[in-house]
Amino acid sequence: MPSITEPAAALVKGFGITLKHLFSRKFTSQYPEKPHPIAPKFRGEHKLNKDGEGRVKCVACFLCETNCPAYAIRIKSAPAPDGWQDRERYPAEFEVDLLKCIFCGYCEEACPVDAIALTNKIPEVETSREAFILNKEKLLANADLPAATSAEKYLDDILKKWKG
Amino acid sequence: MTPEIAISLGRILAVIAGVLSAVPYLVFAERKICAYIQDRIGPNRVGPWGLFQPLADGLKLLTKEEILPNGIDRFAYLLAPALVMIHPLATFAIIPFGSSITLFGQTIRLQIADLPIGILFFLGVASLSVYGLALGGWGSNNKYSLMGGLRACAQLVSYELSMGLCLVGIILLSGTLSTSQIVAAQEETLLGFLPAWNVFLQPAGFAIFLICAFAENNRLPFDLPEAEPELVGGYHTEYTGLRFGTFFLAEYASMITMSALLVTLYLGGHHLPGVTTRDFGPVMTGLISTAVFGAKVATVLFTFIWTRWTLPRFKYQNLMSFSWKCLLPAALVNLLMTATVITLSG
């Protein structure tokens, strides 16, 4: 005759657990209404920074395009317009294909003039491949968004914490 | 039309409308409670707190394509969804869902048919529920459906025995087969404070009946006829649209009916302990007793749902051996003890 107390105790325990969870805190987040907090080091859409006069900072040196492991960046260089004293060339077109990009941040590290950076902005959902290409206007429109914490600064912060 | 016929029709309409409109909200409650048990929120997009979700679900089922698969047994396939609805709706005829209400000078008993053989009627109709599931499985021309139907047959036949033996215990105690008199017999008090509900007189019988009720309704942990991981959807795999909706409706309607029966037989029906509902006037008496009945049924339904999201499914051999080697002997012993005590106490 198998004992009845042991399974009965297991039953009571199981029902207790589900009853406890019935009243416990829920983990669902109501996404579109309450967006998740995004970590400061999250790397999202790119931006092109502007200089003090509101012009694009980029000098069309092709370092980011050369460095990009996913071949996501395409730059068309042109001679700088008249009156731009500080450089010889500027990007006539600057395109980042978000479907190719792996958001590694190498372009940001390669840039000698801090022109390109990644922001915290989550790329929007589109319905065509063309719409996923960020052109110069869209990149410049992102210029005022805060940049994602760079890998360098992130490591620095961790080291600082370790050293006290 | 004589007043008696009008009253009967009114009661039938009220019960059918009540049960069928309670089903969508039972499904909603199931989804909400399931979600809360799993630390989720559940449906909350359609209407305030997601309250219109069942309407959206129903509309979806209505607009789905009705598919007649190749090679089906047309007669059985089309008959099955209608057959499964018989058990939940017909059984509710014998359940007293309130004491009585006085409207326009007529005293109306809140029960469709006070049959002197109510319990026998229930057992007969409950046996019919097998046919819907078995025919649905057979007519679908699908091996998984057939296996689901066969499992349903074997399971329902096995668990009906233990359930019947529990009912015999109740019949011995109250000396009647009529459900309204079984409720009336539970209105007294035990030892001065405990209501004389059969759950206190027959705790073992109550437990066995509850387990059998889970099995009869194909609810977890006994949902082998439709075990999703093994049988796709069991007997209703090949059904679509409103025909699938009928199976779904019948499943939840029979949950309500079974809970109502459990309340009637074991939990004192519409009787509220310590309160004589006759004090509230002719109309309020009926309404309050119906509300008490509804609250008790809701509690039992919560237990059904709670169990579903707590216990995993039985293995098939365990299901059978549990029924025949465990529940049936226990029900027999329970019956024997009840009979002995009744005989000794005269």
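From a predicted model like this one, the values you see are computed outputs, not experimental measurements.

A. Fine view of the overall build of chain B. Scanning chain B for helices and strands turns up twelve helices and four strands. Rg of the C-alpha trace for chain B: 21 Å, near the compact-globule value of 20 Å for 346 residues, within the 12% margin. When each of the 346 residues of chain B is scored for burial, the buried share is 49%. For chain B, restricting intrachain contacts to residue pairs at least 6 apart in sequence, the fraction spanning at least 24 positions comes to 78%. Total accessible area on chain B stands at roughly 15,700 Å², and carbon and sulfur atoms take up 71% of it.

B. Structural detail: the interface of chain A and chain B. Listed per partner, the contact involves 15 residues of chain A and 14 residues of chain B. Here chain A and chain B share an interface that buries about 1,300 Å² over both sides, 64% of which is from carbon and sulfur atoms. Contact with chain B buries area across many residues of chain A, yet A:F15, A:L22 and A:K26 alone supply 41% of it, more than any other trio. Between chain A and chain B we count two salt bridges in total.

C. The arrangement of the environment of B:K315 in detail. Along the chain, B:K315 falls in the loop between α11 (282-308) and α12 (316-344). The spacing of B:K315 and B:F222 is 93 residues in sequence and 9.1 Å in space, taken between C-alpha atoms.

D. View of the pattern of salt bridges. Applying the stated rule across the entire model yields 15 salt bridges over all chains. For A:K121, the salt bridge identified is with A:E45, shortest N-O distance 3.3 Å. Of this pair, A:K121 sits in the loop between β4 (116-118) and β5 (133-134) while A:E45 is found in the loop between α1 (5-22) and β1 (46-48), placing the two residues 76 residues apart along the sequence. The class for A:K121 is partly exposed, based on a relative accessible area of 29%. Look at A:E45 and you get buried, because its relative accessible area is 6%. With a shortest N-O distance of 3.0 Å, B:R31 and B:D57 are connected by a salt bridge. With B:R31 in helix α1 (residues 3-37) and B:D57 in helix α2 (residues 53-63), this pair connects stretches of sequence that are 26 residues apart. The class of B:R31 is partly exposed, set by a relative accessible area of 34%. In this structure, a network of salt bridges that share partners links the residues A:D51, A:E53, A:R55, A:D86 and A:R87.

E. Local environment of the sheet that holds β5(A). Residues and elements named next belong to chain A. The strand order across the open sheet formed by three strands is β2-β3-β5, and the pairing between neighbours is antiparallel. Only two strands of the sheet have a single neighbouring strand rather than two, namely β2 (73-79) and β5. Relative to strand β3 (residues 89-97), β2 is paired through seven bridges, and the arrangement is antiparallel. Pairing of P79 across the sheet is with R89, part of β3.

F. Expanded view of the packing of helix α4 (residues 118-139) of chain B against helix α10 (residues 241-266) of chain B. All names here are of chain B. Relative to each other, α4 and α10 sit at 160°, their axes nearing to 13 Å. With respect to each other, α4 and α10 are oriented roughly antiparallel. Where α4 crosses over α10, the handedness of that crossing is left-handed. Residues I119, F122, G132, L133 and G136 of α4 lie in contact with α10, whose contacting residues are F247, M258, L261 and L265. The residue makeup of the contact of α4 with α10, split by class, is seven nonpolar, two polar and no charged.

The rules behind the values
Residues numbered from 1 in each chain as written. Chains lettered and ligands numbered in written order. Predicted model: local features only at pLDDT ≥ 70, side-chain atom pairs only at ≥ 80, totals over all residues. Heavy atoms only, no water. Helix = DSSP H or I, 4+ residues; strand = E, 2+ residues; numbered from the N terminus. Rg over C-alpha atoms; globule rule 2.2 N^0.38 Å. Buried < 20%, exposed > 50% of the residue type's maximum accessible area, 1.4 Å probe, protein only. Contact = heavy atoms within 4.5 Å. Areas by Shrake-Rupley, 256 points an atom, 1.4 Å probe, with all protein chains shown as cover. Buried area = accessible area lost by both parts, 1.4 Å probe. Salt bridge = Lys/Arg side-chain N within 4 Å of Asp/Glu carboxyl O. Pairing = 2+ DSSP bridges. Axes fitted to C-alpha atoms, helices over the stretch in contact; angles between N-to-C directions. Parallel < 35°, antiparallel > 145°, perpendicular 65-115°, else oblique. Left-handed = near helix turned anticlockwise from the far one by under 90°. Nonpolar A, V, L, I, M, F, W, Y, C, P; charged D, E, K, R; others polar.

Everything listed here is a matter of geometry and, on its own, says nothing about what the molecule does.
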